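Notes for the structure review
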Amino acid sequence: MSTVVPTVPIESATRTDSVVRRLLRRPSGALSAAVVLLLVIATVGAPLFAPYAPTTLDFAHLFAPPSRDHLFGTDELGRDLLTRILYGGRTSITLGFAATALAMGLGILWGFTAALREGWFGEILMRAADTLMAIPAILLGLVLVAAFGTSTLSMVVILGIIFTPATARIARSSLLAELRSDYYLAAVSVGASGRRIVARELLPNALPVLVARASLVLAEVIFVEASLSFIGLGIQPPDTSWGTLLQQGYTNLYSSYTYALFPGFVILVAVLALNVLGDNLQKVLDPSQS
Amino acid sequence: MTATLPETATDVVLRVRDLVVEITMPRREPIRPVRGVSFDVRSGRRLGIVGESGSGKSLTALSLMRLLPPRARIAAGHVLLRGSDLANVSEREMARVRGGQISTVYQDPMSSLNPLMTVGRQITEAIAAHEGVGRREARERAIQVLGDVGLPQPERRIDDHPHQFSGGMRQRVMIAMAICTSPDVLIADEPTTALDVTTQARIMEMLGRIVEERRMGVILITHDLGLASSFCDDIHVMYAGRIVESGTGGAVLSTPAHPYSEALLDSICGLDRDVERPIAAISGQPPLPHQLPPGCPFHPRCAYAQEVCTVEPPPAVTVREQVAECHFPVGSGMA
Amino acid sequence: MLRYVLRRLVTSFALLILGSMVVFLLMRVIPGDPTITKLGGSIKEVDKATLDGIRAELGLDKSIPAQYVDWVSGILHGDFGASYFSQFSVTSLVEQRYGATLLLAFMSMIIGILIAVPASVAGAIWPNRILGGLLSGFAAVGIAIPTFVIGIGLIIVLGVELEWLPTQGYVSFRADPIESVKSTLLPAITLGIGVAAATMRILRPSLFDVGSSSFVRTAKGKGLLRRQVVVRHELPNASIPAITAAGIIVAHLVGGAVIIEYVFARPGLGSLLVDSVYQRDYGVLQALVLLAVAVFIVTSLIVDVILGFIDPRLRTKAVT
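Reading the values: rules and limits
- Residues numbered from 1 in each chain as written.
- Chains lettered and ligands numbered in written order.
- Predicted model: local features only at pLDDT ≥ 70, side-chain atom pairs only at ≥ 80, totals over all residues.
- Helix = DSSP H or I, 4+ residues; strand = E, 2+ residues; numbered from the N terminus.
- Contact = placed C-beta atoms within 7 Å.
- Rg over C-alpha atoms; globule rule 2.2 N^0.38 Å.
- Buried ≥ 20, exposed ≤ 12 C-beta atoms within 10 Å, placed from the backbone.
- pLDDT = per-residue confidence, 0-100.
- Nonpolar A, V, L, I, M, F, W, Y, C, P; charged D, E, K, R; others polar.
- Pairing = 2+ DSSP bridges.
- Axes fitted to C-alpha atoms, helices over the stretch in contact; angles between N-to-C directions.
- Left-handed = near helix turned anticlockwise from the far one by under 90°.
- Parallel < 35°, antiparallel > 145°, perpendicular 65-115°, else oblique.
- Core = buried A, V, L, I, M, F, W, Y, C linked by C-beta atoms within 7 Å.
- Right-handed = clockwise from strand over helix to strand, strands pointing away.
- Expected span 1.5 Å × (residues − 1).
- Bend = angle between axes of the 7 residues up to and from the residue.

1. Some points on the overall build of chain C
- Counting its secondary structure elements, chain C contains 14 helices and zero strands.
- Along the chain direction, N to C, the helices and strands of chain C fall in the order α-α-α-α-α-α-α-α-α-α-α-α-α-α.
- Taking all contacts inside chain C whose residues are at least 6 apart in sequence as the whole, residues at least 24 apart take part in 73%.

Structure (structure tokens):
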């Protein structure tokens, strides 16, 4: 008789297609996913979807209220607000994706290292993360802006750094949970060694929680970027982001309410949708937590 | 099904007739885990409701206090206490009955007490909810009742918090809380399941003494036949939502009339048993409420089942000193 | 109880020291020469002697550990160092402005709790799908909406259109308490909504969990009315996770205060912080960040003490 050990694929609850299906079955999950998708497509594809070019001026209609020509009205130079919001969103969202990717990448490295080296080294890594997490995000952002300036690259780096410690904590606890799970212990006891084989099984199970987290991180990143740009310490003109639009709306508050409120509303929708999506993903991926 | 004792209506404190509990299920037909239960509770007498988990005994107890879970309700029947039907009274009325005229002692003393409140406060709260006594008198009574349940140094321990007591002592506190308002009926739902055997014996002894002193009617709900036999005067055996046998403890346990009671007794391991003899477990599982067999619900597991048992629900038959719902009661010569 | 508090005090103190070192190092790591800032930005015309003079003035010629010791001993004497930008000492700057921020934080917390607790308790006493949905919706939107958007909205409605409350500036509490509170009300409501939403997000699920626990069944079985059960038994137990999270909520509050002070033009520590970033005034920045960390540590300490009061299990050991 041959001694082939059949490899049974681990029936994890994390198969992508089943996750997506379960997500879409929940009404809040489907709705939030749709909204996020819509926002991302509309803003990243702003050149395609915007009704006007961002530099089109219309001096006849300054601070115009919403109309059929200008769905969201116009600003102080007669530029269409919807267009500006779409282009601003392009900046905010691509910046957000980049910073989130950075935070996730660094956080995973940090957290996984701390999980794999459990001794005092891992402890120190985590204490450092805790200390950084004690400083409110906006505060830390301001300090880093003082240090690194406000170029677009700096903003990506700064926002990424702010959210790295929180991601690191989750990455660490996620990997630790896998390391303590029965299937890992079983694999080790059967002699499965070689980091690569182990990594092939562990990582796919440790990552989904982080993916769910990414949605929540992106929401926070957009929030903080908007806050920093709002007080003038984020994205700088002539670049626009949702935060800079809000700031301009605020300075022109007495001329036009909609100028300030529409960008604010869009930020609210984006952050809310990402939060709800993240919550749903967490529940779908790990119903015991959340 | 009524108890077999002579009906001296004067000392019946609680009368349950044809009680039916219904639970609504999502995307399914509603189920009836309690399907027409009747019994009387008399002051000073101890009644035991014995059955496996799933027999409906706990739901019966909850329905007496109208503390059923959200999807459950009393669909039919009467719960008569001092002339009013508890199945129909308002929620406000019911709040007066709970803790005042009917009290329950639950099975998990570790988590059944508010961890943030002192033991004394939890007792005086019960007193204050039902009687308009002043704070000092309520406190005095609390100390008194803690002493009655056998708690040492009650005047000192009255201001302690639940986590400072052991499991057995916590159960004593629960009992004190239940009896401090001198209710007519005390329901004890698996009161000693979570405790070790020695503590169990002591608690039951104390409970018996208290009930005796205060002339309370007691309903003991348990799956433990041994416990029921040592404590209860009358026993009702529940199966699949109905009482299948009732009679005095002595009668039911020495000469059971229903095949189920007989099988339960056979499956007990006594110390004086022949070691070689295999433990007679009852084959099969109790039926789920939505999958009841036709005719007698016990027939798939019954050693004496015949054709009629699979078709017709059994009638209540008086056998010797007890009443059983069976076509062929044990020892009746009808098999 | 006393021993518990003392233990927490000692830990907090140690954390504070650790925090001050981290803040100090963080500042030193930042690129950019503070002496240049002091001079107003351009070094081309200045000679070395002046540069060295300023270095010595700011104490930058000493070694890093020595600078740290100087800084800490200064703080212990109430001297937070010199502002790199203005003539005022950091201490006097902080003194001028802490009142506005303190009042704002205080009022925001109170408003937040006054909204969150009754709303959550009502949701528990009268479980109703519509009410529950509204409350959860409020909580979800409340933490997603940037504080300054709420602020702008409130300014428009209450400040400009209805003209009920002032939208800018600040009157010192000592000068005129009523006007002071009025001028703080709008920003406090803005931040308070965020605090309420964050609190409700924890308190409502917690109440829900506690509602199905055994001791609540016992309380009902005693014949207590629904509202008595919720207020006396469910709420105290459910508030424990919410109080534990107070530290995080305060941290968000601090971040939000920075933005709100800018929006409402309040001369507080938040706007001071923003100014110091604009001006690259590291002396002020350093002190303020340390202050923020200290606030966080003190809040954690207060939270632990409050929990010690509420939960007797933390004070005395359990019997098994």
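Right, picking up where we left off after that structure.
2. Comments concerning the overall build of chain B
- Scanning chain B from terminus to terminus reveals 10 helices and 12 strands.
- For chain B, the C-alpha radius of gyration of 21 Å lies close to 20 Å, the compact-globule estimate for 335 residues.
- Going through the 335 residues of chain B one by one, you find that 44% of them count as buried.
- Restricting to contacts in chain B with at least 6 residues of sequence separation, those with at least 24 account for 65%.

3. A word on the interface of chain A and chain C
- Facing 30 residues of chain A, the contacting portion of chain C comprises 32 residues.
- Going through the elements one at a time, α5 (120-134), α6 (137-148), α9 (195-230), α10 (242-251) and α11 (257-285) of chain A are the ones with two or more residues in the side of chain A that touches chain C.
- At nine residues, the largest contribution of residues to the side of chain A that touches chain C is made by α11 of chain A.

4. Some points on the confidence of the model for chain C
Residue and element names in this part refer to chain C.
- Summarising the model, chain C shows a mean pLDDT of 80, and 85% of its residues fall at 70 or more.
- Least confident of the elements in chain C is helix α2 (residues 34-39), whose mean pLDDT is 56; most confident is helix α9 (residues 214-221), at 90.
- For this predicted complex, the interface confidence comes out at an ipTM of 0.81, alongside a pTM of 0.79.

5. Quick look at the interface of chain C and chain B
- The interface of chain C with chain B comprises 21 residues on the first partner and 26 residues on the second.
- Those elements that provide at least two residues to the side of chain C that touches chain B are α9, α10 (226-244) and α14 (312-315) of chain C.
- Considering every element that reaches the side of chain C that touches chain B, the biggest residue donor is α9 of chain C, with six residues.
- Its residues assigned to classes, the side of chain C that touches chain B comprises eight nonpolar, eight polar and five charged.

6. Overview of unusual backbone geometry
- Looking along the chain, the bond that leaves P237 of chain A and enters P238 of chain A is cis, with omega of 5°.
- Counting through the fold element by element, P238 of chain A comes out in the loop between α9 and α10.
- The backbone of R82 of chain B sits at a positive phi, close to 50°, despite the residue not being glycine.
- Its place among the elements puts R82 of chain B in the loop between β4 (72-81) and β5 (84-85).

7. Examining the sheet that holds strand β9 (residues 234-239) of chain B
Residue and element names in this part refer to chain B.
- If you trace the eight strands from one edge of the open sheet to the other, you get β6-β7-β8-β3-β9-β10-β12-β11, paired in mixed fashion. Here the strands that pair on one side only, and so sit at the sheet edges, are β6 (102-105) and β11 (316-319). Taken pair by pair, the neighbouring strands of this sheet meet at an average axis angle of 20°, ignoring direction.
- Summarising the sheet, β11 and strand β12 (residues 322-325) pair through four bridges and their orientation is antiparallel. When the sheet's bridge partners are listed, A316 is paired in β12 with E325.
- Sitting on the sheet, helix α6 (residues 167-179) touches β6 and β7 (185-189), and the angle it makes with β6 is about 175°.

8. What about the environment of G74 of chain C?
Residue and element names in this part refer to chain C.
- Summarising the element assignment, G74 is placed in helix α4 (residues 64-76).
- The spacing of G74 and V23 is 51 residues in sequence and 15 Å in space, taken between C-alpha atoms.
- Discounting residues that sit within four places of it in the chain, G74 has contacts with D79, F80 and G81.

9. Some remarks on the packing of helix α3 (residues 119-130) of chain B against helix α4 (residues 135-148) of chain B
All names here are of chain B.
- Running from N to C, α3 and α4 cross one another at 115°; their axes reach a closest spacing of 9 Å. For the pair α3 and α4, the sense of crossing is right-handed. Mapping the contact onto sequence places G120, I123, T124, I127 and A128 in α3 and A138, R139, R141, A142 and V145 in α4.
- Here the contact of α3 with α4 is built from residues that sort into six nonpolar, two polar and two charged.

10. Here we look at helix α10 (residues 259-266) of chain B
- What α10 of chain B keeps buried is the set P259, Y260, S261, E262 and L264 of chain B.
- Residues of α10 of chain B that are buried in the fold lie against α8 (225-231), β9, β10 (242-248) and α9 (249-254) of chain B.

11. Structural notes on the sheet that holds strand β2 (residues 31-42) of chain B
All names here are of chain B.
- Here four strands make up an open sheet; going across it, the order is β2-β1-β4-β5 and the pairing antiparallel. Looking along the sheet, the strands with just one partner apiece sit at the ends: β2 and β5.
- Relative to β4, strand β1 (residues 12-23) runs antiparallel, the two being bridged by eight bridges. When the bridges of β4 are listed, R17 appears paired with H78.

12. With respect to the environment of L62 of chain B
All names here are of chain B.
- As for its position among the elements, L62 is in helix α1 (residues 57-64).
- Residue L62 is classed as buried on the basis of its 21 C-beta neighbours within 10 Å.
- Taking the C-alpha atoms as reference, L62 lies 18 Å from M177; in sequence the two are 115 residues apart.

13. Details of the packing of α10 of chain A against α11 of chain A
Residues and elements named next belong to chain A.
- Relative to each other, α10 and α11 sit at 155°, their axes nearing to 7 Å. The angle between α10 and α11 places the two elements in the roughly antiparallel class. Classified by chirality, the crossing of α11 by α10 is left-handed. For the pair α10 and α11, contact is made by W242, L245, L246, G249 and Y250 and by Y259, A260, P263, G264, V266 and I267, respectively.

14. As for the nonpolar core
- The biggest cluster of nonpolar side chains holds 242 residues, and the ones touching the most others in it are L139 of chain A together with A176, L186 and I219 of chain B.
- Here this core gets 16 residues from one element, more than from any other, and that element is α9 of chain A.
- Sequence-distant contacts of A176 of chain B, that is, excluding residues within four places in its chain, are made with I123, V145, L146 and V149 of chain B.

15. Section: the confidence of the model for chain B
- For chain B, the average pLDDT comes to 85, and 92% of its residues sit at 70 or higher.
- Counting contacts from residues 1-9 of chain B, a segment whose pLDDT is below 50, to residues more than four positions away or on other chains yields 18 contacts.

16. Regarding the pairing of strand β8 (residues 217-222) of chain B
Residues and elements named next belong to chain B.
- Buried residues dominate β8, accounting for six of its six residues.
- Here β8 shows a buried face lined by G217, I219 and I221 and a second buried face lined by V218, L220 and T222.
- Note that strand β3 (residues 46-50) and β8 share five bridges and pair parallel. Each residue of the ladder has a partner; that of V50, found in β8, is T222.
- Inspection of the sheet shows β7 paired to β8 by five bridges, in the parallel sense. Across the sheet, the residue bridging to L186 is V218, located in β8.
- With helix α7 (residues 197-214) bridging β7 and its parallel neighbour β8, the resulting β-α-β unit is right-handed.

17. Re helix α11 (residues 246-263) of chain C
Residue and element names in this part refer to chain C.
- Compared with the 26 Å implied by 1.5 Å per residue over 18 residues, the 25 Å span of α11 between its first and last C-alpha is a close match.
- A257 marks where α11 bends most, by close to 25°.
- Once α11 finishes, A265 follows within two positions and takes phi at roughly 50°, a positive value.

18. Overview of the environment of L165 of chain C
Residue and element names in this part refer to chain C.
- Along the chain, L165 falls in the loop between α7 (147-161) and α8 (177-211).
- You can call L165 partly exposed: it has 16 C-beta atoms within 10 Å.
- For the pair L165 and D209, spaced 44 residues apart in sequence, the C-alpha separation works out to 40 Å.
- What L165 contacts, discounting residues up to four positions off in sequence, is L158, G159, K182, L185 and L186.

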